[in-house]
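Descriptive structure summary
The chain contents come next:
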Amino acid sequence: MLPHLPSHFTAVVTGASGGIGHAVVESLLNTSQMGKLIAVSRAPQTFSDSRVTPLTADVSQERGRQQLREQLDGEPVHLLFNAIGILHDHDNALEPEKRLEELDSEAFAQVMHINAATPALLIAAVKDSLQGKHPTIIASLSARVGSIGDNGFGGWYSYRASKAAHNMLLKTASIELKRLNKQSIVLCLHPGTTDTDLSKPFQARVPENKLFSPSFVAESLIGVMAKRTPDDTGSFWDWAGEPIEW
Ligand SMILES: NC(=O)c1ccc[n+]([C@@H]2O[C@H](COP(=O)([O-])OP(=O)(O)OC[C@H]3O[C@@H](n4cnc5c(N)ncnc54)[C@H](OP(=O)(O)O)[C@@H]3O)[C@@H](O)[C@H]2O)c1
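Here's what I pulled together on the structure shown here. (Residues numbered from 1 in each chain as written. Predicted model: local features only at pLDDT ≥ 70, side-chain atom pairs only at ≥ 80, totals over all residues. Heavy atoms only, no water.)

Moving on to the pattern of salt bridges. Going through the model one piece at a time under the given rule, you end up with 9 salt bridges. Residue K36 pairs with E75 through a salt bridge whose shortest N-O separation is 2.9 Å. Taken together, the residues span a long stretch of sequence, with K36 in strand β2 (residues 34-41) and E75 in the loop between α2 (62-72) and β4 (79-82) at a distance of 39 residues. For K36, a relative accessible area of 27% gives the class partly exposed. Between R65 and E62 there is a salt bridge whose closest N-O contact spans 3.3 Å. (Salt bridge = Lys/Arg side-chain N within 4 Å of Asp/Glu carboxyl O. Helix = DSSP H or I, 4+ residues; strand = E, 2+ residues; numbered from the N terminus. Buried < 20%, exposed > 50% of the residue type's maximum accessible area, 1.4 Å probe, protein only.)

With that settled, the discussion passes to the site of the ligand. Around the ligand there are 28 residues in total, and S17, G19, Y159, T194 and T196 lie nearest to it. In this structure, S17 approaches the ligand through a side-chain N or O atom, which is 2.7 Å from an oxygen atom. For the ligand, the accessible surface in isolation is 880 Å², of which the surrounding protein chains cover 89%. Of all the secondary-structure elements, those providing two or more residues to the shell around the ligand are α1 (19-29), α3 (105-125) and α5 (157-180). (Near = heavy atom within 4 Å. Polar contact = N/O pair within 3.5 Å; in protein donor to acceptor, adjacent residues only side chain to side chain. Areas by Shrake-Rupley, 256 points an atom, 1.4 Å probe, with all protein chains shown as cover.)

Glancing now at the sheet that holds strand β7 (residues 235-238). Read across the sheet, 7 strands follow the order β3-β2-β1-β4-β5-β6-β7 without closing on themselves; strand pairing throughout is parallel. Looking along the sheet, the strands with just one partner apiece sit at the ends: β3 (52-56) and β7. This sheet shows a mean twist of 20° between the axes of neighbouring strands, independent of strand direction. Seen against the sheet, α1 touches β1 (9-14), β2, β3, β4 and β5 (136-141) and runs at an angle of roughly 165° to β2. The strands touched by α3 are β1, β4 and β5; relative to β4, the strand with the most contacts, the crossing angle is about 160°. (Pairing = 2+ DSSP bridges. Axes fitted to C-alpha atoms, helices over the stretch in contact; angles between N-to-C directions. Contact = heavy atoms within 4.5 Å.)

Structure (structure tokens):
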């Protein structure tokens, strides 16, 4: 299923209670190649599959990242899949901006923190488990709107900027990790518009056949990861397996 990885591989999925994160956990558990899976989310979760270790932690905070580091205790991680991200937060009056006047420095900082800084800090926190000689895939969910070259519509300033920053951080980490583990593959992935809480307020304009189910997206992204080799490290792909320009 993931030919780069060994049988009974160890995976960490962050954002494991989110729409896509949860579906990725379910898809990974559908295969016998999956060994141990640490499912990280802020709210407690239960799983019937004994291969899952749920970890209740907020990895957007130092304390949460430390909890994950303690849980791993330096053991090799073969797949780190980050499904954390934010586009809107009604409770904190955070909405994607339509025009410049809507830019707000606090909201901008929050979106940058969750979408860009957190994935990089997460990789830094578990670096001991990624370096070495074992094959490892580090995949983090980006978004096509984070592509500067592909920006034809404008709007969504903070979200676009945070995903562009995410991609730069992941690309930069890929270069460092390549030196520390020749078997590492760092990937930025675009899931396509997926039926989750994140896309709910914006689904009206999406044609029905362009709104994917989380399970379809999870399977598609696993398929994209399956085709990658260490030569692909530091690259950006969509759910259909097409490369995306930075
Ligand atoms: N859905 C789409 O159409 C779409 C399109 C392009 C890209 N993406 C990207 O795909 C990723 C997953 O999105 P999704 O659609 O599955 O959204 P989702 O259902 O809202 O899940 C996002 C997850 O991010 C974590 N998160 C959100 N706000 C957080 C905060 N303030 N602090 C810490 N963690 C926080 C949560 O993880 P826990 O609650 O588990 O801790 C949450 O479950 C995101 O990076 C998103 O940008 C989605």
